[in-house]
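Fold and geometry: a report
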Amino acid sequence: MTTIKNICCIGAGYVGGPTMAIIAQKCPDIKVTVVDINEKRIAAWNDEDVNKIPIYEPGLSEIVKEAKGRNLFFSTDVDSAIDNAEMIFISVNTPTKTYGMGKGMAADLKYIELCARQIARVAKNDKIVVEKSTLPVRTAQALKDILENTGNGVDFQILSNPEFLAEGTAVEDLNNPDRVLIGGDIDTAEGKKAVQSLVDIYSNWVPAEHILTTNIWSSELSKLTANAFLAQRVSSINAMSELCEKTGANVNEVAKAVGMDSRIGSKFLQSSVGFGGSCFQKDILNLVYIAKSFGLNEVADFWEQVIILNDHQKRRFAANIVKTLFNTVSGKKITILGWAFKKDTNDTRESAAIYVSDYLLNEQAEIVVYDPKVTAEQIYADLDYLGTRPDSENRSLVKVVNTAEEACKDSHAVAVLTEWDEFKELDWKKIYDDMLKPAFLFDGRRLLDRKTKEELGFEFYAIGS
Ligand code: NAD
Ligand code: UGA
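Only a predicted model underlies this, so the values are computations on that prediction, with no experimental measurement involved.

Of regular secondary structure, the protein chain possesses 18 helices and 14 strands. For the C-alpha atoms alone, the extent of the protein chain along its principal axes is close to 75 × 50 × 45 Å. Every one of the 465 residues in the protein chain was classed for burial, and the buried ones make up 52%. The contacts of the protein chain with a sequence gap of at least 6 include a subset with a gap of at least 24, amounting to 76%. Total accessible area on the protein chain stands at roughly 20,800 Å², and carbon and sulfur atoms take up 51% of it. Across the protein chain, 53 positive and 67 negative side-chain charges occur, with their mean positions spaced 2 Å apart.

Set out below in structure tokens:
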């Protein structure tokens, strides 16, 4: 059995940071070093003030505080960390390709390949390499080819250990995972040994019945499948939300009635302005690409529809704002409450707020944004990235402010796009009084109570009723 004493994790992002913090906390005898080429990010993880760590995640700063400097380290010295570790997690980003073959669909594996080449170059003794990033099925084969062909003759075992944490609840998800999935080369003694060494790490806090071992391809594909199923549920209920709006049905009531069927279950049936986040869209597109590459066009079309519906949901929410405001928002002030793709995270990747705002800006609206955790710099960067208009125009048309009240003052309409708890508790009477009339309120998260808002005088629209 290989007893692991030193772990290296390449990639100090939303996955690498929290997962390694928990491993370090639960396994005080293992030295965990998280490395990244992004110096600013590593400096932030190393900040004396743990509240300045680069990722906002409830409960995370306390864990980092407990383990950092004891057995949890953050560094930009990737080579040393690889050299010293018996087990190396690859937790780098795998975004959708923006160029060349598979552009807009396939996963861009260049960061993964760079890691593999670096590990191969540096490793002087046997290593277990763990795929933590979400990867197309059969990536382990490519990793193996690179490691074996460019390495120093040492033995590499490759494991797939996809991460299922959701942002905003990462600490809870890592502490009590529904399952930990470990795929490996279970047909060989060395492969079995490698799998067992990772099982042993998780066994420090995860009950045995929640640790699942499979062949490596099943593990890689299960991760894409899980995200596709989750996103598909959101698109399914969002499709129904539009039908509810036409028929007088209420999507929350429908979701409750449907979800009480134990075969269906109640989770992930919250209708919204559309799912965001760095993974659902990217992973489904990747799945579609893989299916197409095998000629499985019906399979590809089935999953692509989840994305088509999601894009439609964001667009129709924005279009409804324009329509409701007498078919023009030109020169009108529209308040966006919430920019993060969900509550309790500062992550904005693929957030619906970006696309709704972009649509409204195309209609010449003036936008004022408030989000409790997202910086103005990030909001402008998200809009600039779309390349819809000159960056300078984004700065002149979009204002970012520090309170919800300030954001709503003198505006024609308020749109709630992230379900932050604090939005429920705002002084909605004051907000109403300070807005232009009629005061329109668009709830893209079904967060607010319709009755009380209508009593205050708002023209209230909630997705799905
Ligand atoms: P991220 O962008 O937050 O972090 C990735 C980090 O890797 C970046 O800081 C980047 O600088 C670093 N990096 C890239 N190439 C490197 C290299 N060659 N050497 C050193 N560092 C390098 O991404 P993330 O959200 O943490 O996601 C990482 C992976 O995990 C992705 O494959 C994603 O699909 C998957 N995943 C993400 C989540 C999530 O909630 N964000 C959940 C499950 C799985
Ligand atoms: C998702 C999965 O839930 C994780 O298991 C997975 O590890 C992760 O993707 C990943 O691979 O990156 P995450 O994107 O962080 O996690 O957050 P979710 O809670 O899944 O929410 C995704 C989006 O769907 C958010 O915009 C959320 O608001 C939206 N959503 C979610 C709904 O609109 N309705 C719901 O009922 C649930």
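Okay, the packing of aromatic side chains next. Within this structure, the stated rule accounts for 13 aromatic pairs. Centre to centre, the rings of Phe229 and Trp303 are 5.7 Å apart; their planes meet at 35°, and the pair counts as tilted. A residue pair is termed long-range when its members are at least 10 positions apart, and Phe229 in helix H9 (residues 216–247) and Trp303 in helix H12 (residues 297–324) qualify at 74 residues. A residue is classified by how much of its surface remains accessible, and Phe229, at 47% relative accessible area, is partly exposed.

Paired through their backbone hydrogen bonds, the strands of a sheet run either parallel or antiparallel. Pairing within the open sheet is parallel, and its 6 strands lie in the order E11-E10-E9-E12-E13-E14. This sheet does not close on itself; its edge strands, each paired only once, are strand E11 (398–400) and strand E14 (459–462). Along the sheet, successive strands turn relative to each other by an average axial angle of 20°, direction set aside. In this structure, strand E13 (residues 440–443) lies alongside E14, joined through 4 bridges in parallel fashion. Residue pairing across strands places Asp443 opposite Ala462, the latter belonging to E14.

So, about the site of ligand 2. As a matter of local geometry, ligand 2 sits amid 20 residues, with Phe164, Leu165, Ser272, Cys279 and Arg445 nearest to it. Here Asn227 contributes a side-chain N or O atom positioned 2.8 Å from an oxygen atom of ligand 2. Surface burial for ligand 2 is 90%, taken as the share of its 700 Å² of free accessible area covered by protein chains. Looking at the shell around ligand 2 residue by residue, the classes come out as 11 nonpolar, 4 polar and 5 charged.

This part takes up the packing of helix H1 (residues 16–26) against helix H3 (residues 60–67). The N-to-C vectors of H1 and H3 enclose an angle of 50°; their axes lie 9 Å apart at closest approach. Put simply, H1 runs oblique to H3. As for how H1 packs across H3, the hand of that crossing is left-handed. For the pair H1 and H3, contact is made by Pro18, Ala21, Ile22, Ala24 and Gln25 and by Leu60, Ile63, Val64, Glu66 and Ala67, respectively. Taken together, the residues of the contact of H1 with H3 break down into 8 nonpolar, 1 polar and 1 charged.

With 8 of 11 residues buried, helix H13 (residues 352–362) is to be regarded as a mostly interior element. When we look at burial in H13, the residues that qualify are Ala352, Ala353, Ile354, Val356, Ser357, Asp358, Leu360 and Leu361. Where H13 is buried, its residues contact H12, strand E9 (333–337), strand E10 (366–370), helix H14 (376–386), helix H15 (391–397) and E11. Downstream of H13 by a residue or two, Gln364 has a phi angle that is positive, lying close to 70°.

With 28 residues, H12 should cover 40 Å at 1.5 Å per step; its first-to-last C-alpha distance of 39 Å lies within 8% of that length. Of the residues flanking the end of H12, it is Phe326, one or two places downstream, whose phi is positive at about 60°.

What follows covers unusual backbone geometry. Note: most residues except glycine have negative phi, and most peptide bonds are trans. A cis amide bond links Lys437 to the next residue, Pro438, at an omega of -5°. Considering the arrangement of structural elements, one finds Pro438 in the loop between helix H17 (428–434) and E13. Of note in this structure, Asp344 is not a glycine but carries a positive phi near 65°. Within the element layout of this structure, Asp344 appears in the loop between E9 and H13. One non-glycine residue, Gln364, adopts positive backbone phi at about 70°. Mapped onto the fold, Gln364 is located in the loop between H13 and E10.

Turning our eyes to something else, we now look at the pairing of strand E8 (residues 211–215). If a strand is regular, its side chains alternate between the two faces of the sheet. Bridge analysis of strand E7 (residues 180–184) against E8 gives 5 bridges, and the strand direction is parallel. Paired with Ile182 across the bridge in E8 is Thr213. Between the parallel pair E7 and E8, the chain is carried across by helix H8 (residues 189–202), and the sense of this crossover is right-handed.

All chains considered together, the criterion is met by 23 salt bridges. Note that Glu66 is salt-bridged to Arg70, the shortest N-O span being 3.9 Å. Taking relative accessible area as the criterion, Glu66 reaches 41% and is therefore assigned partly exposed. For Arg70, a relative accessible area of 39% gives the class partly exposed. Notably, a salt bridge pairs Arg349 with Asp347, separated by 3.0 Å at the nearest N-O pair.

Here we come to the nonpolar core. Counting 55 residues, the largest nonpolar core has Phe317 and Leu337 as its most contacted members. In terms of residue count, H13 provides more of this core than any other element does, 6 residues in total. In this view, Phe317 contacts Val273, Val356, Ala415, Leu417, Phe442, Asp443, Gly444, Tyr461 and Ile463; residues no more than four positions away in its chain are not counted. Membership of the second largest hydrophobic core comes to 45 residues, among which are Val130, Ala170, Ile201 and Ile211.

Near ligand 1 you find 25 residues, and of these Asp36, Arg41, Thr94, Glu167 and Lys282 are the closest. Thr94 has a polar side-chain atom sitting 2.6 Å from an oxygen atom of ligand 1. Separating an oxygen atom of ligand 1 from a backbone N or O atom of Thr134 is a distance of 3.0 Å. In the complex, 92% of the free accessible area of ligand 1, which totals 830 Å², lies under the protein chains. Across the shell around ligand 1, the residue classes break down as 9 nonpolar, 9 polar and 7 charged.

Rules of the game
Residues numbered from 1 in each chain as written. Chains lettered and ligands numbered in written order. Predicted model: local features only at pLDDT ≥ 70, side-chain atom pairs only at ≥ 80, totals over all residues. Heavy atoms only, no water. Helix = DSSP H or I, 4+ residues; strand = E, 2+ residues; numbered from the N terminus. Buried < 20%, exposed > 50% of the residue type's maximum accessible area, 1.4 Å probe, protein only. Contact = heavy atoms within 4.5 Å. Areas by Shrake-Rupley, 256 points an atom, 1.4 Å probe, with all protein chains shown as cover. Lys, Arg positive; Asp, Glu negative; His and termini not counted. Charge placed at Lys NZ, Arg CZ, Asp CG, Glu CD. Phe/Tyr/Trp six-rings, centres within 6.5 Å; stacked < 30°, edge-to-face > 60°. Pairing = 2+ DSSP bridges. Axes fitted to C-alpha atoms, helices over the stretch in contact; angles between N-to-C directions. Near = heavy atom within 4 Å. Polar contact = N/O pair within 3.5 Å; in protein donor to acceptor, adjacent residues only side chain to side chain. Nonpolar A, V, L, I, M, F, W, Y, C, P; charged D, E, K, R; others polar. Parallel < 35°, antiparallel > 145°, perpendicular 65-115°, else oblique. Left-handed = near helix turned anticlockwise from the far one by under 90°. Expected span 1.5 Å × (residues − 1). Right-handed = clockwise from strand over helix to strand, strands pointing away. Salt bridge = Lys/Arg side-chain N within 4 Å of Asp/Glu carboxyl O. Core = buried A, V, L, I, M, F, W, Y, C linked by side-chain atoms within 4.5 Å.

Read these as geometric descriptors, not functional statements.
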